[in-house]
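Structural features, examined
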2 protein chains.
Amino acid sequence: MNKTVFSSVLCHPLLFPLRLSSFPAGNAKMYKVTVVGSGNWGSVAAKLIASNTVKFGSFHDEVRMWVFEEKLPSGEKLTEVINKTNENVKYLPGVKLGKNVVADPDLENAVKDANMLVFVTPHQFMDGICKRLAGKIRADAEGISLIKGMEVKKEGPSMISNLITKQLGINCSVLMGANIANEIAMEKFSEATVGYNQNKSAADRWVQLFCTPYFNVTAIQDVEGVELCGTLKNVVAIAAGFVDGLEMGNNTKAAIMRIGLKEMMAFSKMWFPSVKDSTFFESCGVADLITTCMGGRNRKVADAYARNGGKKSFDELEAEMLHGQKLQGVLTAQEVHEVLRDRGWQHMFPLFSAVHAISTGRLPPSAIVKISEEKPR
Amino acid sequence: MNKTVFSSVLCHPLLFPLRLSSFPAGNAKMYKVTVVGSGNWGSVAAKLIASNTVKFGSFHDEVRMWVFEEKLPSGEKLTEVINKTNENVKYLPGVKLGKNVVADPDLENAVKDANMLVFVTPHQFMDGICKRLAGKIRADAEGISLIKGMEVKKEGPSMISNLITKQLGINCSVLMGANIANEIAMEKFSEATVGYNQNKSAADRWVQLFCTPYFNVTAIQDVEGVELCGTLKNVVAIAAGFVDGLEMGNNTKAAIMRIGLKEMMAFSKMWFPSVKDSTFFESCGVADLITTCMGGRNRKVADAYARNGGKKSFDELEAEMLHGQKLQGVLTAQEVHEVLRDRGWQHMFPLFSAVHAISTGRLPPSAIVKISEEKPR
């Protein structure tokens, strides 16, 4: 019987010495990490990683972080301040990243020596970044994407990990989970899931790179399942927000979250039959869903939408509440709707379909609890 | 492909006519229902059932409800007031049960004509009730238990459904789910799970009896899995309460709930290898866990325990906050601990073990987030 009930590659502080010793002496400092991105989550990722590269001999101590250069109100450049203070004063103020984090405003320079590339930029920048980096990275590089905003296109889900693999010609894993960045920055206990394709030893290395006593990472061989969880949960969070706004109570909210989780599973398996049910019991699945449906902006704006009886559109509420930022969940619901409509499969996903019908004003918010009766177009 | 992504027997208002027509004319009124119990949840169950027995020809309209007789402050008997007002003024005030609900203070009389027996009493009364009813029920009776407080004994989990089957010699299903009784009484959308053994047609009948447009019931062939969910979730709710009391944030709470769910699965499968993973995606599993970890008295008292730094014992807090009622979660954690200790399996269940060690004062509340490092005895 296993040591614990958890399957798969599990990070555990006590296992680190074993792992470390499994790298032969000749492998010392053979892995060099660059974080591509430096927002809130990117900065926290750099902090986690920097605490491990100095601890384990197989990594170079230095963690390079590509920073989209900005001029601060003080007149200083963001990279200069980060390198002087070890703090991302704009996106993660008050938290030391580690002295071994080096901010670099030059993307090509930041990645050229790295063989472990961590992608954590806003989703819409990835295509441009990949185009700039094509042909300019090490042949032995491995990638990992922490980007949750994958698109669902008409021809099916379009995964960021796949974009990276195609454009850069490298293997790419993903890391997702119930990960509110500021809570991890405060070293509050969290979990995450690494999804990988084939390369188990690369996955073990990602686990070692991210894992700390307060950040517990598990690797599973299901990159598509892990990545789809990260996107589809936002549609469920919209539904949960409607329930909150209508003050339907705990039973209803739990029911809607559960139905949402099952639709996430079914949708993922429809596109990738290799997706495993067990993935949805990982941090990227049920745990991230819980976090997102309890807090988060998708839930919040949907709550306000229902309280206004649908009289203010999502566009208006987004403008009021999010300063022009778009809600991922509403966009994903639209994309999911289109892909299901093309195939005539809407009836198999009553919750996803209801979220889209409600968010576009074709059904009232109360329709969210009549998902087996209503038939959204 | 299926009509929806949901597996198993699914209740749906539109399916009712089909089901009804599947009972031949000769079967009219062949099922007679008695609800054994009349507390808050029992009264809501009677209301749900009574709305269906008048709707479907296969059931007798009358639903008999055994009521433990009490004298009300007005001097009237509780059964008399229920039968006069159609309201359980003590345990579900303000809600009409249906004119076809007949309160009966005589247990043996209440059950003698019934062939569908719904058990929904406090857990500790069931042994006595079964002893009184042995040999006094119809040979063709089927039972269903709505009682969540099953015991875990040294020799393994002791299921209420099993007690009923053994003592009364009848087949017994269970109904569990994210079911705060008052929310269902207000007809807010909820779901529930029927767990059954072998008798699929009996399970279909239970689904038909309970299902309404606002109470969606699914039957699955996993009586032990469904019933164990109902008990073990209370241990996880204690852990979730500690996290709330320590103000650890959303990531941590989601992580603890997820780890708890996986330990529930592993514990259940250890005793009953037939238990299915998919059961934990049903209302009895993840949804009930969410409801219980968000509200509920187990979570609440554990929150207070952590806020007091463990200085007030659970016994004291129970006395202060619950008027002498015992917390199910703490008792279950104790029982789970004993059964695991006997077999030396505690290390496989770090969360269950930590809940026990914390609730008995052997570890501080903060140990709940160090479950992979601490080793509770």
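Residues numbered from 1 in each chain as written. Chains lettered and ligands numbered in written order. Predicted model: local features only at pLDDT ≥ 70, side-chain atom pairs only at ≥ 80, totals over all residues. Heavy atoms only, no water.

**Describing the overall build of chain A**
Each helix and strand counted, chain A has 15 helices and 11 strands in total. By the compact-globule yardstick of 21 Å for 377 residues, chain A fits well, its C-alpha radius of gyration being 21 Å. The principal-axis extents of the C-alpha atoms in chain A amount to approximately 65 × 60 × 40 Å. By element, 53% of the accessible surface of chain A is carried by carbon and sulfur atoms, the whole surface being about 14000 Å². Each charge class in chain A was averaged separately, 44 positive and 39 negative side chains, and the resulting centres sit 1 Å apart. (Helix = DSSP H or I, 4+ residues; strand = E, 2+ residues; numbered from the N terminus. Rg over C-alpha atoms; globule rule 2.2 N^0.38 Å. Areas by Shrake-Rupley, 256 points an atom, 1.4 Å probe, with all protein chains shown as cover. Lys, Arg positive; Asp, Glu negative; His and termini not counted. Charge placed at Lys NZ, Arg CZ, Asp CG, Glu CD.)

**Considerations on helix α3 (residues 78–85) of chain B**
All names here are of chain B. All buried positions along α3 are accounted for by Leu-78, Thr-79, Val-81 and Ile-82. The buried residues of α3 occupy an angular sector of 165 degrees when the element is viewed end-on, so they sit on one face. Buried residues along α3 sit against β3 (59–66) and β4 (101–104). Asn-86 lies just past α3 and shows a positive phi near 60 degrees. (Buried < 20%, exposed > 50% of the residue type's maximum accessible area, 1.4 Å probe, protein only. Arc of directions from axis to C-beta. Contact = heavy atoms within 4.5 Å.)

**So, the side chain of Ser359(B)**
All names here are of chain B. One can find Ser-359 in helix α15 (residues 350–359). A polar contact of 3.2 Å, which involves the side chain of Ser-359, links it to the backbone oxygen of His-356. Once residues within four sequence positions are removed from consideration, Ser-359 is found in contact with Phe-242, Tyr-305, Phe-314 and Val-330. (Polar contact = N/O pair within 3.5 Å; in protein donor to acceptor, adjacent residues only side chain to side chain.)

**Description of the pattern of salt bridges**
All names here are of chain A. Considering all chains together, one arrives at 52 salt bridges over all chains under this definition. With a closest N to O distance of 2.8 Å, Glu-320 and Lys-312 form a salt bridge. Each member of the salt-bridge network shares a partner with another, and the members are Asp-244, Glu-247, Lys-253, Arg-299, Asp-303 and Arg-307. (Salt bridge = Lys/Arg side-chain N within 4 Å of Asp/Glu carboxyl O.)

**Things to note about unusual backbone geometry**
Phi is positive for Glu187(A), which is not a glycine, with a value near 60 degrees. For Glu187(A), a relative accessible area of 44% gives the class partly exposed. Of note, Asn86(B) is a non-glycine position whose phi angle comes to about 60 degrees, a positive value. On the secondary structure map, Asn86(B) appears in the loop between α3 and β4. A relative accessible area of 12% means that Asn86(B) is categorised as buried.

**Let's talk about the UniProt feature "binding site: NAD(+)" (unreviewed entry) in chain A**
Residues and elements named next belong to chain A. The UniProt feature table records "binding site: NAD(+)" (unreviewed entry) at Gly-37, Ser-38, Gly-39, Asn-40, Trp-41, Gly-42, Phe-68, Phe-125, Ala-181, Arg-297, Lys-326 and Gln-328. What stands out for the annotated residues spanning 292 residues is how far apart their C-alpha atoms range, the widest pair being 24.6 Å apart. Within the secondary structure layout, Gly-37 lies in the loop between β2 (31–36) and α2 (40–53). Look past the residues within four positions of Gly-37 in its chain and what remains in contact with it is Gly-42, Met-65, Trp-66, Val-120 and Thr-121. Along the chain, Gly-39 turns up in the loop between β2 and α2. Accessibility expressed as a relative area gives 26% for Gly-39, which makes it partly exposed. Residues contacting Gly-39, with those up to four places away along its chain left out, are Asn-88 and Tyr-91. (UniProt positions renumbered as here; feature names shortened; annotations may be inferred.)

**Observations regarding the domain arrangement of chain A**
Residues and elements named next belong to chain A. Here chain A is described as being made up of domain 1 (3–221) and domain 2 (230–369). When each unit is reduced to the centre of its C-alpha atoms, the spacing between domain 1 and domain 2 is 28 Å. At the junction of the two partners, domain 1 supplies 22 residues and domain 2 supplies 22 residues. It is Lys-148, Val-152 and Lys-154 that lose the most area in domain 1 upon contact with domain 2, and together they represent 33% of the buried surface on that side. Here domain 1 and domain 2 share 1 salt bridge between them. Lys-148 is paired through a salt bridge with Asp-288; the nearest N and O atoms lie 3.2 Å apart. (Domains from an automatic or database assignment. Buried area = accessible area lost by both parts, 1.4 Å probe.)

**Observations regarding the nonpolar core**
Among the nonpolar cores identified, the biggest contains 181 residues, and Phe267(A), Phe352(A), Ile368(A), Phe267(B), Phe352(B) and Ile368(B) are the most heavily contacted of them. Leave out the neighbours within four places in its chain, and Ile368(A) touches Ala239(A), Phe242(A), Val243(A), Leu246(A), Ile256(A), Ala354(A), Val355(A) and Ile358(A). (Core = buried A, V, L, I, M, F, W, Y, C linked by side-chain atoms within 4.5 Å.)

**Topic: the side chain of Ser268(B)**
Looking at where Ser268(B) falls in the secondary structure, it is placed in helix α10 (residues 250–271). Overall, Ser268(B) belongs to the buried group, its relative accessible area being 0%.

**What to know about the packing of aromatic side chains**
Residues and elements named next belong to chain A. For the coordinates displayed, the defined rule picks out 23 aromatic pairs over all chains. Here the aromatic rings of Tyr-31 and Phe-59 are separated by 6.2 Å at their centres, their planes lie at 55 degrees, and the arrangement is tilted. Remark: Phe-59 occurs in strand β3 (residues 59–66) and Tyr-31 occurs in strand β2; sequence separation between them is 28 residues. The class of Tyr-31 is buried, set by a relative accessible area of 11%. Phe-59 sits in the buried class, given a relative accessible area of 0%. Between Phe-242 and Phe-314, the aromatic rings sit 6.2 Å apart at their centres with planes inclined by 70 degrees, giving edge-to-face as the arrangement. (Phe/Tyr/Trp six-rings, centres within 6.5 Å; stacked < 30°, edge-to-face > 60°.)

**Things to note about the environment of Tyr305(B)**
Residue and element names in this part refer to chain B. Mapped onto the elements of the fold, Tyr-305 is located in helix α12 (residues 297–307). Residue Tyr-305 is classed as buried on the basis of its relative accessible area of 3%. For the pair Tyr-305 and Gly-245, spaced 60 residues apart in sequence, the C-alpha separation works out to 7.4 Å. Excluding residues that lie within four positions of it along the chain, Tyr-305 makes contacts with Phe-242, Gly-310, Lys-312, Ser-313, Phe-314, Leu-317, Ile-358, Ser-359, Gly-361 and Pro-365.

**What to know about the pairing of strand β9 (residues 172–176) of chain B**
Residue and element names in this part refer to chain B. Burial of β9 is extensive: 5 of the 5 residues sit out of reach of the surface. Along β9, one buried face is formed by Cys-172, Val-174 and Met-176 and the opposite face, lined by Ser-173 and Leu-175, is buried too. Strand direction decides the pairing type here: strand β6 (residues 142–145) and β9, joined by 3 bridges, are parallel. Considered in β9, the bridge of Ser-145 is made with Val-174. Pairing of β9 with strand β10 (residues 190–195), which is carried by 3 bridges, proceeds in the antiparallel orientation. Note that in β10 the partner of Leu-175 across the bridge is Val-194. (Pairing = 2+ DSSP bridges.)

**Examining α10(B)**
Residues lying three or four places apart along an α-helix face the same way, a consequence of the helix completing one turn every 3.6 residues. For α10(B), which comprises 22 residues, the first-to-last C-alpha distance of 32 Å matches the rise-based estimate of 32 Å (1.5 Å per residue) to within 8%. Most of α10(B) sits inside the fold, with 20 of its 22 residues counted as buried. (Expected span 1.5 Å × (residues − 1).)

**Observations concerning the state of the cysteines**
This structure, assessed with the given rule, holds 0 disulfides over all chains. In this structure Cys284(A) is not part of a disulfide, and its nearest cysteine sulfur, from Cys229(A), lies 4.2 Å away. Here Cys130(B) is not cross-linked by a disulfide; its sulfur's nearest cysteine counterpart is in Cys172(B), at 8.5 Å. (Disulfide = S-S within 2.5 Å.)

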